[in-house]
Amino acid sequence: MKQKFLLFAVIIAAISFTSCGGKATAASIAQKWCDLNAKAYKAEGAAKEAAEEAREKYEKEMQEKYKDDKTFLEEVGKEVEKCEDASEGR
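The model shown is predicted, which means the values in this text are computed figures rather than measured ones.

Asks: Any details on the packing of helix H2 (residues 26-42) against helix H3 (residues 45-65)? Residues and values, ideally.
Replies: As a packed pair, H2 and H3 sit with axes 8 Å apart at the nearest point and diverge in direction by 160°. Taken together, the axes of H2 and H3 lie roughly antiparallel to each other. As for how H2 packs across H3, the hand of that crossing is left-handed. Residues Ile29, Lys32, Trp33, Leu36, Asn37, Lys39, Ala40 and Tyr41 of H2 lie in contact with H3, whose contacting residues are Lys48, Ala51, Glu52, Ala54, Arg55, Tyr58, Glu59 and Met62.

Dropping the structure here:
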């Protein structure tokens, strides 16, 4: 009985967390971009090229997804400026 209840509770919690995901924030998008930028900055050779491609792909995806919301994209740009130097070790 305890196992069934625990399993049920885990399933309900998982559904709750996934349904609360909602729209990404400008800060969360910028943070992911900065994480990708840091990987590209630190990598070398083929790994650097792959990391740069991943960053560029993410940029394109976000620009396409939010192309109709210029204000939001500007906010993302401001957030990126806040973390860009740190992602490059400056």
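So much for the structure itself; the text now carries on.
Asks: Can you explain the packing of aromatic side chains? Please cite residues and give values.
Replies: Taken as a whole and assessed by the stated rule, the structure comprises one aromatic pair. For the pair Tyr66 and Phe72, a centre-to-centre distance of 4.7 Å together with 50° between the ring planes defines the contact as tilted. Like Phe72, Tyr66 is buried.

Asks: Tell me about the nonpolar core, and please be specific about residues and values.
Replies: Within the largest apolar cluster, 13 residues are counted, with the highest numbers of intra-cluster contacts made by Ile29, Tyr58, Phe72 and Val76. Residue assignment for this core shows that the elements contributing at least two residues are H2, H3 and helix H4 (70-87). Once residues within four sequence positions are removed from consideration, Ile29 is found in contact with Ala24, Tyr58, Met62, Tyr66, Phe72 and Val76.

How each quantity is defined
- Numbers given for residues are sequential positions, taken from 1 along each chain in its written order.
- Local features in a predicted model are, by the rule used here, given only for residues with pLDDT of at least 70; side-chain atom pairs are given and counted only at 80 or more, and totals for whole chains, interfaces and linings are based on all residues.
- Side-chain metrics rest on all non-hydrogen atoms present in the structure, leaving aside hydrogens and water.
- Note on method: axes are straight lines fitted to C-alpha atoms, helices fitted across the in-contact stretch only, with angles between N-to-C directions ranging 0 to 180 degrees.
- Secondary structure follows DSSP: runs of H or I at least 4 residues long count as helices, runs of E at least 2 residues long count as strands, and numbering of each begins at the N terminus.
- Angles are sorted into four bins: roughly parallel if under 35 degrees, roughly antiparallel if over 145, roughly perpendicular if 65 to 115, and oblique for all others.
- The crossing is said to be left-handed when, going from far helix to near helix, the turn is anticlockwise and less than a right angle, and right-handed when the turn is clockwise.
- Any pair of residues with heavy atoms lying within 4.5 Å of one another is described as a contacting pair.
- Stacked, tilted and edge-to-face are the three classes assigned to paired rings of Phe, Tyr and Trp, where Trp is represented by its six-membered ring and a pair needs centres within 6.5 Å; plane angles under 30 degrees give stacked, over 60 edge-to-face, the rest tilted.
- With a 1.4 Å probe rolled over the protein chains alone, any residue whose accessible area is under 20% of its type maximum counts as buried; one over 50% counts as exposed, and the rest are partly exposed.
- Here, the term nonpolar core denotes a set of buried Ala, Val, Leu, Ile, Met, Phe, Trp, Tyr and Cys residues that are joined through side-chain atoms within 4.5 Å.

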